[in-house]
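Examining the three-dimensional arrangement
Listed below are the residues making up each chain.
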Amino acid sequence: MACVNSQQPSYVVDWPRPLPEVQAALQRAFASGDWGRYAGQECEQLATLLANMHGNQDVHLCSSGTLAVELALRGLGVNAGDEVVLAAYDFPGNFRAIEAIGALPVLVDIQPDGWSYAPEQLERAISPQTVAIIVSHLHGNVAPIAELCATAHRAGVRVVEDACQMPGGSIGGRALGTFGDASVLSFGGSKLLTAGRGGAVLSHDPLVMQRIRVFAERGNDAFALSELQAAVLPCQLERLALDNQIRHARANYLRSLLIDVAAIRFSSLPDNSLPSYYKFGFRLNADPQQSEMTTARQQLLNRFDERKIPIGAGFRGFVQRSRRRCRAVSDLIEARRAASDTLLLHHPVLLCPANVIEELAMAIRACF
Ligand SMILES: Cc1ncc(COP(=O)(O)O)c(C=O)c1O
């Protein structure tokens, strides 16, 4: 991969990569004459490949990961007035997907050492109105999805596993996106697998898939992925496992180069998990005053910006959302912290050689 651009520091890397395979795939779709269609050979091939990667689940391709979350919830039978549990720190669209159905988001606090929630927190959140939960694998930190599924299922609650940030990740060799009752993927423009836009819902449950297809059918397939979008994904899927290994090695190397920087901390990973990195997240070390933390982070981000370091702020989270719009299970202290102290390195640099990671580490160090 060409990581070095003479005008820029070598850690400034464009995405998506100008892969010749993508160009060839586009030309193939063009030559077939089918490139204006929604459901043709390209979509079929993509759905088959995704199914193979994800335990032979049924696959519904759609127009975005955001919509995939809503479709998954609808597929699991979530209706207006039901409750859906999610982390108080999560992708903003997941809160909106629950609201789009007229259901009520229920916020649970996250673990101090990551961005996901623990089974004990989930147990406290479940009420007789709870129909589903959303579990997102975020920022290179694999969620305890098997344990959360077990807790949810004991209570008769179903699980949306959001793997939009982590395609190709795994726990104990089992692919992320195979744990939930329905799972979702994103093919957005900055994502590890990109079609510019797009997403997918996967499930083994025929009723879930039928509900999704009925909802998506509005006289035509209203939220479809196009043939042209589908065409560019199989060649990216082919490289995903190797790319994920490289990103993982580079992320670990960067962590080792920064481990002694007192102002930041990294989360630990369960031994048997292999994450993939849409973002590589880390945290500024806790400060008693949250407002001061937000200011300190902004000052740091400004310094990153001056050096063109591709690190941004994490999600804002939902702690501030009006309690008319959601129910909160606790004071959400960790989610509040994460909203003010999370930093996210964007993934493209993680495919660069080790010397570029070293240059990046030096530039980051110079900002403290
Ligand atoms: C965890 C998570 N879920 C869902 C989405 C939505 O995906 P999309 O951008 O394809 O709508 C994102 C996007 O960044 C995400 O990070």
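Once a new chain begins, its residue numbering starts again from 1 and follows that chain's sequence as written. Local features are withheld for residues below a pLDDT of 70 in this predicted model, meaning they are given only at 70 or higher, and side-chain atom pairs are given and counted only at 80 or more; totals for whole chains, interfaces and linings count all residues. Side-chain numbers here rest on the full set of heavy atoms in the structure, without hydrogens or water.

1. Side note on the environment of Arg325
Checked against the element boundaries, Arg325 lands in the loop between strand S13 (311–313) and strand S14 (327–328). Note: C-alpha distance between Arg325 and Gln41 (284 residues apart in sequence) is 43 Å. Residue contacts are defined here by distance: any two heavy atoms, one from each residue, within 4.5 Å place the two residues in contact. Ignoring sequence-local partners within four residues, the contact set of Arg325 consists of Phe95, Arg96, Glu99, Leu104 and Pro105. Whenever a nitrogen or oxygen atom comes within 3.5 Å of another N or O atom, the pair is scored as a polar contact, on the condition that within protein one atom can donate a hydrogen and the other can accept it, and that pairs from neighbouring residues in sequence are kept only if both atoms are in side chains. Among the polar contacts made by the side chain of Arg325, one reaches the side chain of Glu99 at a distance of 2.9 Å. We count a stretch as a helix when DSSP gives it H or I for four or more residues in a row; a strand needs E for two or more, and each element gets its number in order from the N terminus.

2. Here we look at the sheet that holds S14
Taken together, 8 strands build an open sheet; the order of strands is S1-S9-S8-S5-S4-S2-S3-S14 and the sheet is mixed. Unpaired on one side and paired on the other, strand S1 (58–62) and S14 mark the two borders of the sheet. Should DSSP find at least two bridges between two strands, the strands are taken to pair. By the bridge criterion, 3 bridges tie strand S2 (residues 83–87) to strand S4 (residues 130–136) in an arrangement that is parallel. Paired with Val85 across the bridge in S4 is Ile133. The axes used here are C-alpha line fits, helices contributing only the stretch in contact, and every angle between their N-to-C directions lies in the interval 0 to 180 degrees. Along the sheet, helix H6 (residues 145–154) contacts S4 and strand S5 (158–162); its crossing angle with S5, the most-contacted strand, is approximately 160°. Contacting S1, S5, strand S8 (182–186) and strand S9 (199–203), helix H7 (residues 206–216) crosses the sheet at an angle of about 20° to S1.

3. Remarks on helix H3 (residues 65–75)
Between buried and exposed lies partly exposed: a residue is buried under 20% and exposed over 50% of the maximum accessible area for its type, with that area taken using a 1.4 Å probe on protein chains only. Within H3, 9 of the 11 residues are buried, leaving the element largely enclosed by the surrounding structure. Buried within H3 we find Gly65, Leu67, Ala68, Val69, Glu70, Leu71, Ala72, Leu73 and Gly75. Where H3 begins, the capping side chain belongs to Ser64, and its oxygen is found 3.4 Å from the backbone nitrogen of Thr66. Of the residues flanking the end of H3, it is Gly77, one or two places downstream, whose phi is positive at about 90°.

4. Looking at the site of the ligand
Distances are taken per atom, and a residue is near a molecule or strand as soon as one of its heavy atoms is within 4 Å of it. The local shell around the ligand holds 13 residues, among which Gly65, Thr66, Asp162, Ser186 and Lys191 are the closest. A distance of 2.6 Å is found between a nitrogen atom of the ligand and a side-chain nitrogen or oxygen belonging to Asp162. The separation between an oxygen atom of the ligand and a polar side-chain atom of Arg197 is 3.4 Å. In these tables, accessible area is a Shrake-Rupley quantity obtained with a 1.4 Å probe, and a residue counts as shielded only by the protein chains included in the view. For the ligand, whose accessible area on its own is 390 Å², the fraction buried by protein is 94%. Side-chain classes follow a simple rule in which Ala, Val, Leu, Ile, Met, Phe, Trp, Tyr, Cys and Pro form the nonpolar group, Asp, Glu, Lys and Arg form the charged group, and the remainder, Gly included, forms the polar group. Looking at side-chain class alone, the shell around the ligand contains 3 nonpolar, 7 polar and 3 charged residues.

5. Thoughts on the sheet that holds strand S10 (residues 264–265)
With respect to topology, 4 strands assemble into an open sheet ordered S10-S12-S15-S13, the strand pairing being antiparallel. Across the chains shown, the open sheet's two edge strands, defined by having one partner strand only, are S10 and S13. Bridge analysis of S13 against strand S15 (residues 342–346) gives 3 bridges, and the strand direction is antiparallel. Considered in S15, the bridge of Ile311 is made with Leu345. Relative to strand S12 (residues 279–284), helix H11 (residues 333–341) is tilted by about 105°, and along the sheet it contacts S10, S12 and S15.

6. Observations regarding the domain arrangement of the protein chain
By convention here, the domain bounds are inherited from an automatic or database domain assignment. Partitioning the protein chain into structural domains gives domain 1 (20–235) and domain 2 (239–365). Taking only C-alpha atoms into account, the centre of domain 1 sits 23 Å from that of domain 2. Each partner contributes residues to the interface: domain 1 has 45 residues there, and domain 2 has 45 residues. Accessible area, probed at 1.4 Å, shrinks when two parts are joined; the buried area is that loss added up over both. Around 3800 Å² of area is buried between domain 1 and domain 2 when both sides are counted, 57% of it from carbon and sulfur atoms. When the buried area of domain 1 at its contact with domain 2 is split by residue, Tyr89, Leu107 and Leu192 rank highest and sum to 17% of it. Take a side-chain nitrogen of Lys or Arg and a carboxyl oxygen of Asp or Glu: if they are within 4 Å of each other, that pair is a salt bridge. On the surface where domain 1 and domain 2 come into contact, there are 3 salt bridges. Arg327 is paired through a salt bridge with Glu83; the nearest N and O atoms lie 2.8 Å apart. The interface formed by domain 1 and domain 2 holds 26 residue pairs in polar contact (both at pLDDT 80 or more) in total. The set of elements that each furnish at least two residues to the side of domain 1 that touches domain 2 consists of S2, helix H4 (92–101), strand S3 (104–108), helix H5 (119–125) and strand S6 (170–171). Top element by residues in the side of domain 1 that touches domain 2 is S3. It accounts for 5 residues.

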